[in-house]
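A structural walkthrough
The residues making up each chain are set out below.
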Amino acid sequence: MFFPPKKPRMGAPHMDENQLKEYLHIIWKRLWIIILIIILATAASGLVSYFALLPEYKTYTTLMLSKPRSGIEAIQYDDILLNQKLVATYGEIVKSRLVSNEVINNLNLKFTPEQLEKKVKVTLVTDTEIIKIVVTDNDPELAAKIANEIAQVFKKNVVEIMKIENVQIIDEAEVPTTPVTPRPMLNMSIAGALGMILGTLLVFLIEYLDNAIKTASDIGKYLGFSVIGMIPKSKNKDLIIYNNLKSPESEAYRTLRTNIQFSSVDRHIKTMVITSSGPGEGKSTIISNLAISMALTEKKVLLIDSDLRKPRIHCIFNTDNSCGLTTVLAEAMDYKDCIVHTDIKGLDILTSGPIPPNPVELLGSNKMKKFLETIAEEYDIVLLDTPPVGVLTDGAVVSTKCDGVILVCAIGQTKIKDAVHSKEHLQKVNANILGAVMNKVPIDKTSFYKYYHYR
């Protein structure tokens, strides 16, 4: 049985509001491309219309054709039909080579019959005995001469060919004053509209081909993670929360801190790895600000730089790196002698120390495991910065010895395939993935951050 589709309720939206906002964000993000294409298309059309295209002028002459009749003969319906058929025949005669050659000779034109034919158009006025000879040329005076000359030559040849003398010229062609083409303003308007359409399609094509993570829904769709934090894109560097506690960035770190506390209700999280898929995604900056945020809640926090290849924590906190994690593990040095006490109450730092030749072996050693177990008893929270897990195995190795892992994804930078690859690396070692942090979220020009933060 057929059931007709339900009619939508009055006022019901036809497109999901979130989806519409995503489309608007895509357009706004690359609006400069659309504007640029509109400008280029309009400018190109204007230049071609004004400087490249020659103006064309159009004029016409009209003729009435009929079968000759005596003055007392009544007009019959068959005569009308016959005359209309004759008009079509006369139209072909106008465009014939016979007429064209004579017109060319009479006016001394430097055209071939074929070229002249392209300039001439014969139209038949519907249900009448009238034909209109239209001529288009770059020279308005020449167009008028050609039209009038064709009418005269045609009138003469019809008498010889058809033996009919009842051909009357109704209107002679006049010299046109306004070109019919080009029409610059119309051309520019059309080019601008086409440029806008092309630009919009190009923007969506670029967005389609761009396989970088762009929204929180991408995290859920491709990784299956929950987004536990969104750090806005900022011109400030490194210790954002320390320099400005009231900034939107600082609020984002406080939100991340709170979400981490509720990310695992069945397991207490003390040791935590923060990593990323690739370099330059901001994991070191995020872990440094998160450590400060946690210390401000009167917790005892230890930040460890376990990136033994390109360490950055000592640069962010502007401290010495001669003694650190590698000296503790490789030289059996007491970690307390390498701990750096910061000006922030409750926050200590253990830098990476000298870069070793065998970072994976050190991080995967039993000494590393025992060291983490020891400091976990002394500190409330232990945060470890590791190399990108999508590039090196160091992060995956360390994650097996910690309570949880957070993956940092930079908006418009982290490739989906790299993020998926990182997820698979972590899952292979049974890491406890707490979720993802989206970094470099734009907030200055759109409501993107607010929208996803409260959705």
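About the criteria used
- Residues numbered from 1 in each chain as written.
- Predicted model: local features only at pLDDT ≥ 70, side-chain atom pairs only at ≥ 80, totals over all residues.
- Heavy atoms only, no water.
- Core = buried A, V, L, I, M, F, W, Y, C linked by side-chain atoms within 4.5 Å.
- Buried < 20%, exposed > 50% of the residue type's maximum accessible area, 1.4 Å probe, protein only.
- Contact = heavy atoms within 4.5 Å.
- Helix = DSSP H or I, 4+ residues; strand = E, 2+ residues; numbered from the N terminus.
- Pairing = 2+ DSSP bridges.
- Disulfide = S-S within 2.5 Å.
- Patch = residues over 30% accessible without salt bridge, like charges linked within 9 Å, V, L, I, M, F, W, Y side chains within 5 Å.
- Areas by Shrake-Rupley, 256 points an atom, 1.4 Å probe, with all protein chains shown as cover.
- Salt bridge = Lys/Arg side-chain N within 4 Å of Asp/Glu carboxyl O.
- Expected span 1.5 Å × (residues − 1).
- Arc of directions from axis to C-beta.
- Phe/Tyr/Trp six-rings, centres within 6.5 Å; stacked < 30°, edge-to-face > 60°.
- Lys NZ or Arg CZ within 6 Å of the ring centre and 35° of its normal.
- Axes fitted to C-alpha atoms, helices over the stretch in contact; angles between N-to-C directions.

Moving on, we come to the nonpolar core. Counting residues in each nonpolar core, the largest one holds 43 residues, and the members touching the most others are I304, L325, M368, F371, I375 and L384. The contacts of M368, once residues within four sequence positions are left out, are L325, L329, L362, L363, L384, V398 and K401.

Right, let's talk about the pairing of strand β11 (residues 404–410) for a bit. Burial runs high along β11: seven of the seven residues are buried. In the sheet, strand β6 (residues 271–276) pairs with β11 via five bridges, with the strands oriented parallel. Following the sheet pairing, V273 is matched in β11 by V405. When β11 meets strand β12 (residues 433–441), the two strands line up parallel, connected through six bridges. Residue pairing for β12: A410 is matched across the bridge by N439.

Under the criterion given, the structure shown has one disulfide. Between C323 and C338 runs a disulfide, and the two sulfur atoms are separated by 1.9 Å. A residue pair is termed long-range when its members are at least 10 positions apart, and C323 in the loop between α12 (313–316) and α13 (325–330) and C338 in the loop between α13 and β8 (340–341) qualify at 15 residues. We classify C338 as buried; its relative accessible area is 2%.

The next thing to look at is a nonpolar patch on the surface. On the surface, L186, I190, L194, I197 and L201 cluster together into a nonpolar patch covering about 470 Å² of accessible area. Here L186 shows up in helix α7 (residues 184–209).

Evaluation of the coordinates by the stated rule reveals 12 salt bridges. Ionic pairing is found between R30 and E207, a salt bridge with its closest N-O pair at 2.5 Å. Here R30 is found in the loop between α1 (17–29) and α2 (31–52), whereas its partner E207 is found in helix α7, with 177 residues between them in sequence. The buried category is assigned to R30, whose relative accessible area is 13%. When the shortest N-O distance is used, the salt bridge between E102 and K156 registers 2.2 Å. Of this pair, E102 sits in helix α4 (residues 97–107) while K156 is found in helix α6 (residues 140–162), placing the two residues 54 residues apart along the sequence. For E102, a relative accessible area of 18% corresponds to the buried category. What makes K156 partly exposed here is its relative accessible area of 40%.

Looking now at the sheet that holds strand β5 (residues 227–232). Taken together, the eight strands give an open sheet; going across it, the order is β5-β12-β11-β6-β10-β7-β9-β8, and neighbouring strands pair in mixed fashion. Each edge of the open sheet carries a strand with a single partner, namely β5 and β8. Relative to strand β10 (residues 381–385), β6 runs parallel, the two being bridged by four bridges. Within β10, the residue paired with I274 across the bridge is D385.

Let us now look at helix α17 (residues 416–428). Taking 1.5 Å of rise per residue, 13 residues should cover 18 Å, and α17 covers 18 Å from first to last C-alpha, within 8% of that figure. Those residues of α17 that sit buried are I416, A419, S422, K423 and L426. Buried positions in α17, seen along its axis, are confined to an arc of 125° and lie on one side of it. Turned more than 90 degrees off the buried face of α17, the exposed positions are K417 and K428.

Turning our eyes to something else, we now look at unusual backbone geometry. Looking along the chain, the bond that leaves T181 and enters P182 is cis, with omega of -5°. With respect to the helices and strands, P182 occurs in the loop between β4 (167–171) and α7.

Over its 22 residues, α2 runs 30 Å from end to end, which matches the ideal 32 Å to within 8%, given 1.5 Å per residue. Taken together, the buried positions of α2 are I33, I34, I37, T42, S45, G46 and S49.

What follows is about the packing of aromatic side chains. What the rule picks out here adds up to three aromatic pairs. Judged by centre distance (6.0 Å) and plane angle (75°), the rings of Y23 and F204 are edge-to-face. Pair noted here: Y23 is in helix α1 and F204 is in helix α7, with a separation of 181 residues, a long-range link. Taking the relative accessible area as the measure of exposure, F204 reaches 29% and is therefore partly exposed. Between Y335 and F371 the ring centres are 5.7 Å apart and the planes differ by 70°, which places this aromatic pair in the edge-to-face class. Here Y335, found in the loop between α13 and β8, pairs with F371, found in helix α15 (residues 366–378); they are 36 residues apart in sequence, far enough to count as distant. Take Y335 and F371: they sit in the same class, and that class is buried. The ring of Y60 carries K132 above its face, with NZ or CZ at 4.5 Å from the centroid.

A separate point is the sheet that holds strand β2 (residues 120–124). In space, the four strands of this open sheet follow the order β2-β3-β1-β4, with antiparallel pairing throughout. Here the strands that pair on one side only, and so sit at the sheet edges, are β2 and β4. Mean inter-strand twist for the sheet, computed between neighbouring axes without regard to direction, equals 25°. Where strand β1 (residues 57–65) meets strand β3 (residues 130–137), eight bridges bridge the pair, whose relative direction is antiparallel. For Y57, the partnering residue across the bridge sits in β3 and is D137.

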